[in-house]
Structures are given as structure tokens and as C-alpha cells.
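Each chain is listed here by its residues.
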Amino acid sequence: MAYPLADAHLDLAYNALEHGWDLTQPLPVLRERTAGPYRPTVTLPALAEAGVAVVFATLFVDPGRYPEPADAARAARRQLGLYRRWEAEGRVRLIEDDRGLVAHLARWQADRIPGLVLLMEGAHPLADPRELAAWYQDGLRILGPAWKDTPYAGGTGGTGGLTPAGRELLSAMADLGLALDLAHLSEAAFLEALDYPGPLLVSHANPRALAWREGAGPPANRHLSDAQIAALADRDAVVGVVLYNRFLDPDWAPGSPLPLARVAEHIGYLADRLGWERVGIGSDLDGGFGAEATPAGLDAPAGLLGLAPLLGPRARRVLGENWIAWLRRALPG
Ligand SMILES: [Zn+2]
């Protein structure tokens, strides 16, 4: 029996709505039809074929395009609406609680329909933490307070910690039972947020020691310092490794292949410090880059199983079971 794979970070609705991509098509069809801005890596049939049973699917709104919370909220609502439409059409199942997860996994063995858990990446669509209850009602289960800086927290490239509004947001999240995604938080905000009483995760980030060097790559604080990783060790959090060449090797040159062994190195680095049950995949495979910038053989979800020989007997945990076990603890009953 095939084991279920899980990916803790895909921007499905963002890609569908921002680029006008029809993600209900097989991947080769979408690739033929699309002119850019980059080569697609993920569609719903491609996830089904690859055996991806669970995806943390984002509500991601670029604050540069939608600086006003009301506009950002409308854009996020359109993404949520698309996920719900896919659900109504029988293309995905939205997972909102543990019972739903267990039922989904049983049905997945037969129908291979991907299950989605909704994750808001950056809280700027919320004008006020009190708006969170309505989003929870509509199925949101995971929230990352920042992408870049938001009114709630320092984010990628920023230095600020949690703001007073950010503290309020975390307390509203805890009351509702949402999981807190630490990805993209500035180091200061990350360390402050560790006292969050609810479920914690880092949906998509890599160890800074491997992902960054002075003068190369994205801002250093996009990735986890050794101090951040050490601080996570006594928390029940899983970290998802990003499958983006620029994050895997700061010296990667566009056009050159990046060996899969490099992905296994990132996974091993985290596992050595957190344990093999605390590492998963948060591919971000469609996160503003395309097949041109993914590791060799990983230009589509079907490539995930190519990591299995490098991971040995731990493969099924890293590629799926760790996130599923985390969800069983994190989702409401
Ligand atoms: Zn991201």
C-alpha cells in the first residue's frame, strides 16, 4: 500500500488566480498552455498522481499589491472561494479537524484526492485580530503572522519583534485553537512567539547554516539560525524543508542542476538537531519560482519519491507521516 505524502506549503490558489492558471488540468497540459511568468510545477492532478495526500494550502496575498487590509482580505477571500469551489467539484477535500483528517486518509487510499489544510501566510489581510474568528469559521487552521513586516510582527528582512497587536493576535489564535506558523518571522518575533501555548510549526524554512552565506541568497533571517533550531528542540514543532534551489545552495547558478543529495543534507541537518520525527517537506514548489529553480528531478510533486532512497527507512516519515502525526495533535478533535 502506498504511503501518503504531505507538503506543508503550496500557494495553489495564489498561482491560479494571479496567473490565471487552471490547476485542474494535468501538469503537461498547463505547461503547454502557459506562457509564464515561470514554468508550472504543481496542479491538482499532479498532486494526486504523486500520492500527495495532504497539502497546507496558502491564502497568500502580496502586501506590495494589496497594501490595504480590506483589499488584501478580499483577495484572500477569493483564494478561499477557489479552494471551496475545488472542494464542491470533488477535486480536493478541505480538512478542518482530526475526524476529517482520519476520514480523508481512509478515502485517499482509494481515490487519491488531495486533502487541503488552509494556512494564511502573513496576517495583513486582518485589520483587527477579532476578524480571525470568521476566518476560522471558514476553515482557516494555520496562521503565520508575517511574510514581510506586518502590523503584527517583524518578518523576512525585518528586525522587529511581536507588536502589541501581534500579541493580541496570538492570544486570539490560541483562544480559537489555530496553529502558529513561525516561517517568515524575524528572529526576534520567532523567539518571542515560542511561548505560544497552542500548536507550533515552521511550514517552510531551511537551516541558515546551509541556506545562506554573506553576500548570497535571500535575507539571512528567512532561514533558521542554529539558535532558532535549538529553541525549537523542546517544542512539539515540525519544520518543512523548502525545495527551492536558491534556498538549498546560496551558490546555485541558474541553469545548473542541483543534486537531490543537497535536499537530503538539509533534512539531515534539521533531523540531527530536532529528531527524525520533526522534519518534513514544505516544498513551496510554486512559491514565486518555477521548475527552472527546483532540484534535479523535482520539477513536479512526483519527484518527491526520488528522495526516498536517500532517506532510507525514514523516508515515509519525512515525506508524509511526520506532518500527518503533527496534524493529528494540532487539529481540533
Ligand atoms: Zn513563503
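Above this note sits the structure.
Predicted, not measured: the structure shown is a model, and the values here were computed from it.

Rules used throughout
Residues numbered from 1 in each chain as written. Predicted model: local features only at pLDDT ≥ 70, side-chain atom pairs only at ≥ 80, totals over all residues. Heavy atoms only, no water. Core = buried A, V, L, I, M, F, W, Y, C linked by side-chain atoms within 4.5 Å. Buried < 20%, exposed > 50% of the residue type's maximum accessible area, 1.4 Å probe, protein only. Helix = DSSP H or I, 4+ residues; strand = E, 2+ residues; numbered from the N terminus. Contact = heavy atoms within 4.5 Å. Phe/Tyr/Trp six-rings, centres within 6.5 Å; stacked < 30°, edge-to-face > 60°. Lys NZ or Arg CZ within 6 Å of the ring centre and 35° of its normal. Salt bridge = Lys/Arg side-chain N within 4 Å of Asp/Glu carboxyl O. Polar contact = N/O pair within 3.5 Å; in protein donor to acceptor, adjacent residues only side chain to side chain. Pairing = 2+ DSSP bridges.

Peer 1: Outline the nonpolar core, supporting the account with residue identities and numerical values.
Peer 2: Formed by 95 residues in total, the largest nonpolar core has its most connected members in Leu12, Tyr83, Leu182 and Leu232. With eight residues, the top contributor of residues to this core is helix H4 (residues 69–88). Residues within four places of Tyr83 in sequence aside, it is in contact with Leu10, Asp11, Leu12, Ala13, Ala57, Thr58, Leu59, Val92, Leu94, Leu116 and Leu118. Counting 21 residues, the second largest nonpolar core, distinct from the first, contains Val117, Val238, Trp326 and Leu331.

Peer 1: Account for the packing of aromatic side chains, naming residues and giving values.
Peer 2: Counted under the stated rule, the structure contains nine aromatic pairs. Seen in terms of ring centroids, Tyr83 and Trp86 are 5.8 Å apart; in terms of plane orientation they differ by 70°. Their pairing is edge-to-face. Here the residue Tyr83 and the residue Trp86 both occupy positions in helix H4, the gap between them amounting to three residues, near one helical turn. Here the two residues Tyr83 and Trp86 agree in accessibility, since each one is buried. Over the ring of Trp108 we find Arg112; its NZ or CZ atom is 4.1 Å from the centre of that ring. The ring centre of Tyr136 lies 3.8 Å from the NZ or CZ of Arg141, which sits over that ring.

Peer 1: Account for the side chain of His223, with residues named and values stated.
Peer 2: If you trace the backbone, His223 turns up in the loop between helix H9 (208–211) and helix H10 (226–232). Judged by its relative accessible area of 1%, His223 is buried. Contacts of His223, omitting those with residues within four sequence positions, involve Asn206, Pro207, Arg208, Ala211, Pro218, Gln228 and Phe247.

Peer 1: Explain the pattern of salt bridges residue by residue, including any values.
Peer 2: Counted under the stated rule, the structure contains 20 salt bridges. Asp299 serves as the salt-bridge partner of Arg31, at 3.9 Å between the closest nitrogen and oxygen. You can see Arg31 sitting in helix H2 (residues 27–33) and its partner Asp299 sitting in the loop between strand S9 (279–281) and helix H13 (308–311), a full 268 residues away along the chain. Of the charged contacts, one joins Arg262 and Glu265 as a salt bridge, the two residues approaching to 3.1 Å between their closest N and O atoms.

Peer 1: Explain the side chain of Thr156 to me, and be specific about the residues and the numbers.
Peer 2: Summarising the element assignment, Thr156 is placed in the loop between strand S5 (140–144) and helix H7 (164–176). For Thr156, the side chain forms a polar contact with the side chain of His184, separated by 2.8 Å. Residues within four places of Thr156 in sequence aside, it is in contact with Trp147, Lys148, His184, Pro219, Asn221 and Arg222.

Peer 1: Let's hear about the pairing of strand S8 (residues 238–241): which residues, and what values?
Peer 2: Going residue by residue along S8, you find Val238 and Gly240 tucked away on one face and Val239 and Val241 tucked away on the opposite face as well. The pairing of S8 with S9 spans three bridges and is classified as parallel. Bridge pairing in S9 places Gly240 opposite Gly280.

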